[in-house]
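Residue-level structure breakdown
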Amino acid sequence: MGLFSGKQETKPEFAPGETLTRRVLALLDDGAKGEEEVTASALASELALPVGDVEAELKTLVRFGNLVRRTGKNGEAHYSATPRRKLLGDLLVESGHLSPEHLKEALDEQARTGERLGVTLVDRGYVTKQIIGKMLEMQRGIPYVNLSAYPIDEILVRSLPERVIMEHKIVPLARSGDEIHLAMLDPSDIMAVDTVGRFLHGKVRPFLTTESDFSWVVNKYFGVGRKVDESLTEAGPGRAQPEAGAAGSAVGVIEAFDDSPVVRVLNTIVQDAVRIGATDIHVEPESDETPVRFRIDGLLVDKTVLPRQMADGIASRLKVLAGMDIAERIRPQDGRVLFSIEGREYDLRIATLGTAFGERVAIRLLNNRQVQVGLERLGLSVAQQTTLERLMRRQHGMVLVTGPTGSGKTTTLYASLSFINERVRNIMTIEDPVEYRLPGITQIPVREKSGITFGIGLRAILRHDPDVIMVGEIRDAETASIAIHAALTGHLVLTTLHTNNATGAMIRLVDMGIEPYLLTSSVLAVVGQRLVRVLCKACRGQRPAGAADLDLLRLPPGTDLMLPMAAGCPECGTLGYKGRTGVFEILTMDDAVREQVLQRKPATAILDAARAAGMKTLREALAEKVQEGVTTIEEFQRLTSAEAA
Ligand SMILES: [Zn+2]
């Protein structure tokens, strides 16, 4: 006891958290008088600290792989330092002081006797007391990190020159405030601490790792990783294509000729975004560092933090590639960069903007959306899919898809067009921008600067004898009116409208000045939709539904139901979710609905009529996804509360 409080006084430079880590580990490493397991409360009283603090620390150490947690008979958690005792053995073997056979023998004996490993090894004469002492000293107070189970920040790894990593056998793990968490084989390597601190601009906090863990990282990031870098090189210059979309922006191609950290980090960021299916990358300078966030499945996720100079370098490099003015750091600019990875071409839209702390960069990955899907993969119920297929076979009329930005409307339209894509029908689209190329279909991008708006493009399309027309979005009364007219004169028109739900679309179009009788005679159906995050299959858990859950799902109290739960694992980047699926409502224009619209009744009246005719609402469809185990009650709440707001 006195020993530890003494330690604290002589080392006042430690952050409070680190002191606690060291004190907890020191107690556990010293075997706590041969006890195999401790509880948070016992440890807290020994350390004279609040139980909550000690418990939080123990949980962290479990996460890193230092301790094992087991629930005791009375439900209290028991912690055991077994992995750390084994770590001592690993360190001795790796440093050549002990043979693997001797370690195995000693571990077997330890399991029988319950004696500490160090004592067992010395008793058997395998290792001297001095060597054990040295190893324990190295291990003491420094948490071990199990690299293969830890979600490594690849961008941070790439920020360090490879030679520094290989020479010192270190792996940067994460940045936490101004601290760099660094996995090291030898935490006493002052040179490594110093070098990494300078490269990554932070204070190094050491974590212990083993030779085998380090080799795993080298294989993962520097063996296979090399190949990925080369695939970017192959895109090479000269593959630049004439720019098709945004007028006035040049096209560049990412290549990786020089091996500067800026190039490597930028490539890693883009590859990472492609690999995990992010749609946007945000580089946002702050006063002394620059966080990078990815938009994954519709929500922003913190990805990494770059030093300021690195972020400035990335902004400059992107501007060069996209043919933007590199000297201009204040006024907003936009541009475009193409690159190919694993045979697929990616289209990056770059936008920069000067902020109080430097240039903010937004990168949109246009082809990184899974648009090439059939109707069966959208997330429709069987009945809804049948309805939509029936609608797509119609010769004329309008089908609207509604929902907020990022609710998957475009994907639904593309899937519908793919369903009806046959040579006997002329299919034409006007889109802003063209997000995905559909073979056999004429796609026209909106070009505001050249005067091609939705309205003008749509008029032009009508002179080209179309059968099916897709209008990316109805934004104004003019487009609405031309589209309705087209639907009334023998064309099947598919379009989107930015409203919250299907009934809202009727009201919105009337507000735009469309006569109700034109609506009821042209609109076939309105699809309302949202995207919901899908639970990661590798780590999802379950819990019994409580009274509040049943109430939300509108189920009778006492219903026996297990609810799926998000956890988090390396597979899903610790998010607990992987991918998204659509949730739908389809309002079809039947007599009851037609009557309400003609009489200019409010949305609630239209909704009542549609529900009476059997329409399943978005909320009901969402509740079904929760009960089917596709997503969580938290996602249900997130989406339904956004609705109410
Ligand atoms: Zn997972």
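Residues numbered from 1 in each chain as written. Predicted model: local features only at pLDDT ≥ 70, side-chain atom pairs only at ≥ 80, totals over all residues. Heavy atoms only, no water.

We now examine the overall build of the protein chain. The number of helices and strands found in the protein chain is 25 helices and 22 strands. Burial status across the protein chain gives 51% buried among its 645 residues. Contacts in the protein chain between residues at least 24 apart in sequence constitute 63% of all its contacts with a sequence separation of at least 6. When the accessible area of the protein chain is evaluated, it comes to approximately 29,700 Å², of which 52% is carbon and sulfur surface. (Helix = DSSP H or I, 4+ residues; strand = E, 2+ residues; numbered from the N terminus. Buried < 20%, exposed > 50% of the residue type's maximum accessible area, 1.4 Å probe, protein only. Contact = heavy atoms within 4.5 Å. Areas by Shrake-Rupley, 256 points an atom, 1.4 Å probe, with all protein chains shown as cover.)

It is worth spelling out the packing of helix 17 (residues 454–462) against helix 18 (residues 477–488) at this point. Put simply, helix 17 and helix 18 touch, their axes get as near as 8 Å, and they point 20° apart. When the axis of helix 17 is compared with that of helix 18, the two are roughly parallel. Where helix 17 crosses over helix 18, the handedness of that crossing is left-handed. Contact residues: helix 17 offers Phe454, Gly455, Leu458, Arg459 and Leu462, while helix 18 offers Glu478, Thr479, Ile482, Ala483 and Ala486. Residue composition of the contact of helix 17 with helix 18, grouped by class: six nonpolar, two polar and two charged. (Axes fitted to C-alpha atoms, helices over the stretch in contact; angles between N-to-C directions. Parallel < 35°, antiparallel > 145°, perpendicular 65-115°, else oblique. Left-handed = near helix turned anticlockwise from the far one by under 90°. Nonpolar A, V, L, I, M, F, W, Y, C, P; charged D, E, K, R; others polar.)

The next subject is the packing of helix 13 (residues 261–275) against helix 14 (residues 308–321). Here helix 13 crosses helix 14 at 75°, and the two axes come no closer than 9 Å. On the basis of the axis angle, helix 13 is roughly perpendicular to helix 14. Across the interface between the two elements, Pro261, Val262, Val263, Val265, Leu266 and Ile269 from helix 13 touch Met310, Gly313, Ile314, Arg317 and Leu318 from helix 14.

A few words on the side chain of Thr495. Examined against the element boundaries, Thr495 turns out to sit in strand 18 (residues 492–497). Sequence-distant contacts of Thr495, defined by excluding residues within four places in its chain, comprise Met398, Val399, Leu400, Val401, Leu413, Val471, Glu473 and Ile474.

So, on to the sheet that holds strand 14 (residues 397–402). Strand pairing in a sheet relies on backbone hydrogen bonds, with the paired strands running either antiparallel or parallel. Taking strand neighbours across the sheet as the criterion, the seven strands line up as 16-15-17-18-14-19-22 in an open arrangement whose pairing is mixed. Both edges of this open sheet fall to strand 16 (442–445) and strand 22 (577–588), since each of them pairs with a single strand only. Across the sheet, the mean angle separating the axes of adjacent strands is 20° when strand polarity is ignored. Of the strand pairs in this sheet, strand 19 (residues 523–535) and strand 22 are connected by ten bridges, and their pairing is antiparallel. Counterpart to Leu535 in the pairing with strand 22 is Tyr577. (Pairing = 2+ DSSP bridges.)

Note that the residue after Asp432, namely Pro433, is joined by a cis bond; omega there is -10°. One non-glycine residue with positive phi stands out, namely Ala48, at about 55°. Within the secondary structure, Ala48 is located in the loop between helix 3 (40–47) and helix 4 (51–64). What makes Ala48 exposed here is its relative accessible area of 61%.

Here the focus is the environment of Leu67. Topologically, Leu67 is positioned in the loop between helix 4 and strand 2 (68–71). Along the chain, Leu67 and Pro83 lie 16 residues apart, while their C-alpha atoms are 6.1 Å from each other. Setting aside residues no more than four positions away along its own chain, Leu67 makes contact with Leu28, Leu58, Leu61, Val62, Tyr79, Ser80, Ala81 and Pro83.

In this model, helix 16 (residues 409–420) (twelve residues) spans 17 Å end to end at C-alpha, consistent with the 16 Å of a helix rising 1.5 Å per residue. For helix 16, the set of buried residues is Lys409, Thr412, Leu413, Tyr414, Ala415, Ser416, Leu417 and Ile420. (Expected span 1.5 Å × (residues − 1).)

Here we come to the side chain of Arg175. Mapping Arg175 onto the fold places it in strand 4 (residues 170–176). This buried residue, Arg175, is left without a salt bridge; Glu289 holds the nearest opposite charge, at 4.8 Å. A distance of 3.0 Å separates a polar atom in the side chain of Arg175 from the backbone oxygen of Leu200. There is a polar contact of 3.3 Å between the side chain of Arg175 and the backbone oxygen of Val305. Setting aside residues no more than four positions away along its own chain, Arg175 makes contact with Leu156, Ile180, Leu200, His201, Glu289, Val305 and Pro307. (Lys, Arg positive; Asp, Glu negative; His and termini not counted. Salt bridge = Lys/Arg side-chain N within 4 Å of Asp/Glu carboxyl O. Polar contact = N/O pair within 3.5 Å; in protein donor to acceptor, adjacent residues only side chain to side chain.)

What follows deals with the pattern of salt bridges. Evaluation of the coordinates by the stated rule reveals 26 salt bridges. The partner of Asp347 in a salt bridge is Arg336, with the nearest N and O atoms 2.9 Å apart. Linking Asp347 in strand 12 (residues 344–355) with Arg336 in strand 11 (residues 333–341), this pair joins segments that are eleven residues apart in sequence. Exposure remark for Arg336: the relative accessible area of 8% places this residue in the buried category. Three or more residues joined by partner-sharing salt bridges are found here, namely Glu105, Glu109 and Arg124.

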